[in-house]
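Structural features, examined
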Amino acid sequence: LTLDDVTVVVAGMPWHWKALNLLVLVLPRLALWKLTVEAGITFLMETATIDDAIVNAVALAFILNVPIAIQEAFTSHETKTLMEKLHDFEFPAAVYSASGVKEMMEEELSRTKRVLLRYLIPWRLLLACALTALVVMSYYWSHCIRDASGHWISKAVYSPTSVRYDFLKAVFPLLFPDEAHQSDPYWDPAMLQKN
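Computed from a predicted structure; not experimentally measured.

Let us look at the overall build of the protein. The helix and strand inventory of the protein stands at seven helices and four strands. For the protein, whose C-alpha radius of gyration is 26 Å, the value lies well above the compact-globule estimate of 16 Å for 195 residues. For the protein, the C-alpha atoms occupy an extent of roughly 80 × 45 × 35 Å along the three principal directions. Split into buried and exposed, the 195 residues of the protein put 6% on the buried side. For the protein, the proportion of contacts with a sequence separation of at least 24, taken over those separated by at least 6, is 51%. Surface summary for the protein: the accessible area is close to 16,800 Å², and the carbon and sulfur share equals 67%.

Given below as structure tokens:
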């Protein structure tokens, strides 16, 4: 018996393990993803030149690949081997009724249409474009206002009173807002009206 003869199949997962995985793995990763996306979009939107935008985009791609590099570095060889041997979870095959061939043909035609839709339409690209548009609009809604002509302009920008930034303010900005700034803005939309 060699390692090539071994197959690993997931038979299912109890609900309490699903709940634990949701709390320990899924929710923290979603929170980190949200914070990274918001910080990355802010980082890229506030970059002035195209050269800096390209460098910042490469830096952001590096940051997004850090979890994969950590997993590769700290996962044991045995775990990697088991993960490579793991087969996909397969749902039980559909049981066809005795009426036979017509139902099987209709099912096959329906399945073929679903497969064509899945592969012909670039769903991941559409999802990425929709998420990008959503996050960029979120940036505009939180950092900009509309002027009288309908253009987006920056809100008043204030200098911070200190360069110290707490961890809780960075990770949970809604729970611990940073309101300490100087009283006079260094940029104000009213400056545009004066010119």
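Past the structure itself, the notes keep going.
Between side chains of opposite charge, pairing is possible as soon as their charged atoms come close. Taken as a whole, this structure holds two salt bridges when the rule is applied. Here Lys80 makes a salt bridge to Glu72, at a shortest N to O gap of 3.6 Å.

Our next topic: helix 1 (residues 15-45). The end-to-end C-alpha separation of helix 1 is 42 Å, in line with the 45 Å expected for 31 residues at 1.5 Å each. Along its length, helix 1 shows its largest kink, about 40 degrees, at Leu22.

With that settled, consider the packing of helix 1 against helix 5 (residues 123-143). Where helix 1 contacts helix 5, the two axes come as close as 10 Å, and the packing angle between them is 70 degrees. When the interaxial angle is binned, helix 1 and helix 5 end up roughly perpendicular. As for how helix 1 packs across helix 5, the hand of that crossing is right-handed. On helix 5, the residues that touch Trp33, Val37, Ile41, Thr42 and Met45 of helix 1 are Leu131, Val135, Val136, Tyr139, Tyr140 and His143.

Turning our attention to the side chain of Thr47. As for its placement among the helices and strands, Thr47 is situated in the loop between helix 1 and helix 2 (50-74). A polar side-chain atom of Thr47 sits 2.7 Å from the main-chain carbonyl oxygen of Phe43. A polar contact is formed between the side chain of Thr47 and the side chain of Asn56, at a distance of 2.8 Å. If we ignore the near neighbours within four places in the chain, the residues touching Thr47 are Asp52, Ala53 and Asn56.

A few words on the packing of aromatic side chains. The description of two aromatic rings rests on the distance between their centres and on the angle between their planes. All told, the structure shown has two aromatic pairs when counted by the stated rule. Between Tyr140 and Trp152, the ring centres sit 5.7 Å apart and the planes meet at 35 degrees, which makes this aromatic pair tilted. With Tyr140 in helix 5 and Trp152 in strand 4 (residues 152-154), this pair connects stretches of sequence that are twelve residues apart. An aromatic cluster of at least three residues, connected via ring pairs, comprises Tyr139, Tyr140 and Trp152.

At a minimum axis separation of 10 Å, helix 1 and helix 2 run at an interaxial angle of 165 degrees. Between helix 1 and helix 2, the angle falls in the class roughly antiparallel. With respect to the hand of their crossing, helix 1 and helix 2 are arranged in right-handed fashion. Contact with helix 1, carried on its side by Thr36, Gly40, Phe43 and Leu44, involves Ala53, Asn56, Ala57, Leu60, Ile63 and Leu64 of helix 2 and no other residues of that element.

With respect to the element layout, Lys113 can be found in helix 4 (residues 101-120). According to the relative accessible area criterion, Lys113 is exposed, its value standing at 54%. Sequence separation between Lys113 and Ala180 is 67 residues, and the spatial gap between their C-alpha atoms is 58 Å.

With respect to the element layout, Ile153 can be found in strand 4. The spatial distance from the C-alpha of Ile153 to the C-alpha of Ile63 is 29 Å, given a sequence separation of 90 residues.

Conventions adopted
Residues numbered from 1 in each chain as written. Predicted model: local features only at pLDDT ≥ 70, side-chain atom pairs only at ≥ 80, totals over all residues. Heavy atoms only, no water. Helix = DSSP H or I, 4+ residues; strand = E, 2+ residues; numbered from the N terminus. Rg over C-alpha atoms; globule rule 2.2 N^0.38 Å. Buried < 20%, exposed > 50% of the residue type's maximum accessible area, 1.4 Å probe, protein only. Contact = heavy atoms within 4.5 Å. Areas by Shrake-Rupley, 256 points an atom, 1.4 Å probe, with all protein chains shown as cover. Salt bridge = Lys/Arg side-chain N within 4 Å of Asp/Glu carboxyl O. Expected span 1.5 Å × (residues − 1). Bend = angle between axes of the 7 residues up to and from the residue. Axes fitted to C-alpha atoms, helices over the stretch in contact; angles between N-to-C directions. Parallel < 35°, antiparallel > 145°, perpendicular 65-115°, else oblique. Left-handed = near helix turned anticlockwise from the far one by under 90°. Polar contact = N/O pair within 3.5 Å; in protein donor to acceptor, adjacent residues only side chain to side chain. Phe/Tyr/Trp six-rings, centres within 6.5 Å; stacked < 30°, edge-to-face > 60°.

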